[in-house]
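# Structure assessment
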Amino acid sequence: NTNAEWRWDSKVNESKTLPIYQHKAELIQAVKDSTFLVVTGETGSGKTTQLPQYLYEAGVCKDGKIGITQPRRVAAITVAQRVAQEMQCTLGREVGYQVRFDDCTSQDTVVKYMTDGCLLREVLADPVLSQYSVVILDEVHERSLNTDILLGLLKKIFSDPAKATKGRFFPLKVVVMSATLETDKLSAFLADCPVFSIPGRTFPVTCTFGFAVGPKDVESTGYVKEVVKVALDVHTSEMAGDILVFLTGQSEIERACDLLYEKAESIDYRYDVQDQTVEGLLILPLYGSMPTDQQRQIFQPPPSGIRKCVVATNIAATSLTINGIKYIIDSGFVKQLNHNSRVGMDILEVVPISKSEAQQRAGRAGRTSAGKCFRIYTKEFWEKSMPEYTVPEIQRTSLTAVILTLKCLGVHDVIRFPYLDCPEERFILEALKQLYQFDAIDRRGRVTRLGELMVEFPLHPGLTRAVLKAASLENIFIRPVAEILNIFLLFIYGSMNDFATLLSVFQSCKSSDRPSAWCKDNWIHWRALKSAFSVETQLREILLRLQQRDFPVETFDGNKSEIFRRCLCTGYFNNVARRSIGKVFCTMDGNGSMVQIHPSSSLFDQEAELNWVIFHDVLVTSRVYIRTACPIRYEWVKDLLPKLHEVDAYELSSVAREEVTDEEMIKWETREAVSTEDVSKKLEKR
Ligand code: CDP
Ligand code: MG
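To keep things clear, this report deals only with the structure shown in the data block. (Residues numbered from 1 in each chain as written. Chains lettered and ligands numbered in written order. Predicted model: local features only at pLDDT ≥ 70, side-chain atom pairs only at ≥ 80, totals over all residues.)

A separate point is the overall build of the protein. When helices and strands are tallied, the protein shows 26 helices and 21 strands. Classification of the 686 residues of the protein by burial places 45% in the buried group. Of the contacts made within the protein by residues no fewer than 6 positions apart, 72% connect residues no fewer than 24 positions apart. (Helix = DSSP H or I, 4+ residues; strand = E, 2+ residues; numbered from the N terminus. Buried ≥ 20, exposed ≤ 12 C-beta atoms within 10 Å, placed from the backbone. Contact = placed C-beta atoms within 7 Å.)

Here you go:
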């Protein structure tokens, strides 16, 4: 027997030892018995990987696909890989995945893992999800924005039995999976549906608090070093068993891994380690944007005598379960997207985790035997700096894209949409305002032609609008669209500055013979550029598709650089700043925040000549900085700026509160009709 075969066998048998296996028949029955079902169970009990396989075996797929959503793209991909392996099929055939900008499915795909964002897009095209027999919303306890919206939509569409079968030939089954949190609330939300609990086996985990991080250290990054120190302590003084470290993001994780490598070098295994069976340390990073083949390594058992130490983001808290973990090292922090109302946009921030999150992290050490959790923060930090629960994403981010999606789905009254937890009304209003400013909706809250185009793009409405603007010029100038696209992608994925710099980096790399070598020579993340290339291709495809419909055509006068910046202005006019005094600029969005150009910007030294700039984002430290900026002329935004102040929240709130009109109802009905037609066409083809 080769090693690979042995591993394979052990995996197959392992699936029968998972807690869920005992309940296979009952679970299948429970899914068949009701429209909605809530399934709960400890993380690692086999919900994500096994339930879809059970349903597949039970023949559910003869009516349609099984779709499983994940809030995180990495989870969707790795789980699909695993399930394809367990089902002994090629990934992309019977089992596939679809995440933003990466579709690995085919005609044959019946078990489809995808991000919640992807399913939301599908609902948009086909509100009754006619291709599916079962839809499983997974990781609902994470309360990601898209999952929350899906919950509301599926409740709205399928709790009315008459509506639920319209446009479908068989009723859809909706399964909602969650770690043990909030199941009563979920069941109550979904028409008091049954709850299926998979009894878990867990072992005690002893938690200890540290001394390093207290309430005063909420803003410091000293925790990285502390985490490394504790990891090495555990490695040398604790019995064999793997370590899982929680940090917040890629660069931090890479830094921690480097430090660990460095320090682990000097360990003398004859004298320094307590457990003499431990002979080495295998350090593995785990974060969202890392290549999937590298991720796969995480799940392999380490060679004998070697202790595995996985340094991960929050992804390892619930989405992915790594076997063999006995020690947890918890930094106490997480990277979170929060809406900052002071600057009027979403900012990725490092914040303390909630207590419930800390408990979840600790629990990862007690899956197969008793474990230990080392919290590097003090008891005081726990008491004073950590909230009880994590606030759902819907209550802390801007809602523009979601509100537009809802509007396109015919949900006119976005304030009274069935949210599991209502976002604050002022955020809904802010979203409506932004959509109005970018011309995605009109004064009465109706989706415009531009809005219909915009909703096709997985980008912020401002970015989308600039892309569309550039695209509408393509018949005259070949360059703008390419340039705009290139740039967006880079700052979505890259960490570099200014528009022009980003552009030349992207172009030079793209035109070089060996792009990956080029990146290495220039100290640039190849991965970031590779994603950018792939995103560009995807956006091009969307554009090409849209341009076949009646697509707007426009002209601008001016040279290349000017046209390019003017296109950017159409998407960034809410991020305009005017020089105030000295180095200080004042934003024009009504808040009138005082900002400065970030030192990393190429405009930093040239401030004397700048009067007006647009910028991509804001960084708040002791000062408020704007990053990725470019100079513009006032004339380019003059006509756009008033739009920022034209409508006040009151006016839009009366729009939002308006009852659903006949027109909206008709739109909704015709959408259903279209999808019914689609289904029959598809069936004819078979
Ligand atoms: O969804 P839930 O947390 O209940 O469990 P799961 O993700 O289905 O995990 C079940 C088992 O599959 C665990 O023992 C994981 O370690 C294993 N697994 C794996 O080995 N490789 C993956 N890519 C995903 C899961
Ligand atoms: Mg799971």
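Our next topic: the sheet that holds strand β13 (residues 325-330). With parallel pairing, six strands are arranged side by side in an open sheet as β9-β16-β13-β10-β12-β11. Each edge of the sheet is formed by a strand with only one pairing partner; in this case those strands are β9 (205-208) and β11 (280-286). Taken over all neighbouring pairs, the strand axes of this sheet differ in orientation by 20° on average, direction set aside. Pairing of β13 with strand β16 (residues 371-375) involves four bridges; the strand directions are parallel. (Pairing = 2+ DSSP bridges. Axes fitted to C-alpha atoms, helices over the stretch in contact; angles between N-to-C directions.)

All right, on to the sheet that holds strand β20 (residues 612-620) then. Strand-to-strand pairing in sheets goes through backbone hydrogen bonds, with the strands running parallel or antiparallel. If you walk around this closed barrel you meet the five strands as β17-β18-β19-β21-β20, and the pairing is mixed. In this sheet, adjacent strand axes meet at a mean angle of 55° when their direction is disregarded. Of the strand pairs in this sheet, strand β17 (residues 576-581) and strand β18 (residues 584-587) are connected by four bridges, and their pairing is antiparallel. Looking at β18, one finds that R579 is bridged to F585.

The subject of this paragraph is unusual backbone geometry. A positive phi angle, close to 50°, is found at L129, a residue other than glycine. Of note, L129 is situated in the loop between α5 (116-125) and β6 (132-137). Accessibility expressed as a C-beta count within 10 Å gives 25 for L129, which makes it buried. Of note in this structure, E139 is not a glycine but carries a positive phi near 60°. In this structure, E139 sits in the loop between β6 and α6 (145-158). On the basis of neighbour counts, which here come to 23 C-beta atoms within 10 Å, the residue E139 falls in the buried class.

So, about the site of ligand 1. Residues in contact with ligand 1 amount to 17 residues; listed here are only the nearest, K47, T48, T49, R82 and T321. Among the elements of the structure, α3 (47-57) and α4 (73-86) are those that each provide at least two residues to the shell around ligand 1. The leading source of residues in the shell around ligand 1 is α3, at four residues. Classifying every residue of the shell around ligand 1 gives four nonpolar, 11 polar and two charged. (Near = placed C-beta within 6 Å. Nonpolar A, V, L, I, M, F, W, Y, C, P; charged D, E, K, R; others polar.)

Any functional reading would require information beyond the geometric quantities listed.
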